[in-house]
Amino acid sequence: YIYGANVVFLCYDVTDPQSFQDVDDWLGLVRRTFATAGKALPTTYLVGNKIDLLHLRKIRETVHDRFIEENKLDGGHLISAQSGEAVLTAFYKVAATV
């Protein structure tokens, strides 16, 4: 499912710290897969979902941004699949770069 990808979305739930911790594993898998194949890492974005659940939020935007910076990702987005907030904007911005 990642072989030959041009874009990778590393998605996590902003209300679930374990979900955010798992992003490290997914990023490692992507990096190993492309390194093994001798290919450059595809455009990679961190996507935090469920931003509509403000009262349950556990992962702060600063933590999200720090992960992007420290791992040299191409960017990130905070969205709500439930309400649709920022979903189309995120996809349009990514589509414009590939």
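Residues numbered from 1 in each chain as written. Predicted model: local features only at pLDDT ≥ 70, side-chain atom pairs only at ≥ 80, totals over all residues. Heavy atoms only, no water.

A short note on the side chain of Thr44
Link 1 in the chain: Mapping Thr44 onto the fold places it in strand β2 (residues 43-49).
Link 2 in the chain: For Thr44, a relative accessible area of 1% gives the class buried.
Link 3 in the chain: A polar contact of 2.7 Å, which involves the side chain of Thr44, links it to the backbone oxygen of Pro42.
Link 4 in the chain: Apart from residues lying up to four places away in sequence, Thr44 is in contact with Val8, Leu10, Leu27, Leu73, Asp74 and Gly75. (Helix = DSSP H or I, 4+ residues; strand = E, 2+ residues; numbered from the N terminus. Buried < 20%, exposed > 50% of the residue type's maximum accessible area, 1.4 Å probe, protein only. Polar contact = N/O pair within 3.5 Å; in protein donor to acceptor, adjacent residues only side chain to side chain. Contact = heavy atoms within 4.5 Å.)

Looking at helix α3 (residues 87-95)
Link 1 in the chain: Residues Val87, Ala90 and Val94 constitute the buried set of α3. One side of α3 carries all its buried residues, which in axial view fall inside an arc of 70°. Summarising the geometry of α3, the exposed residues directed more than 90 degrees from the buried face are Leu88, Tyr92 and Lys93.
Link 2 in the chain: Lining the buried residues of α3 we find β1 (7-13), β2 and β3 (75-78). (Arc of directions from axis to C-beta.)

Re the pattern of salt bridges
When the charged atoms of two side chains lie near each other, side chains of opposite charge can form a pair.
Link 1 in the chain: As enumerated under the stated definition, the model contains one salt bridge in all.
Link 2 in the chain: As a salt-bridge pair, Lys50 and Asp13 come within 3.1 Å of each other at their nearest N and O atoms. One end of the pair, Lys50, is in the loop between β2 and α2 (61-70); the other, Asp13, is in strand β1, with 37 residues separating them in the sequence.
Link 3 in the chain: Residue classification places Asp13 among the buried positions, given a relative accessible area of 14%. (Salt bridge = Lys/Arg side-chain N within 4 Å of Asp/Glu carboxyl O.)

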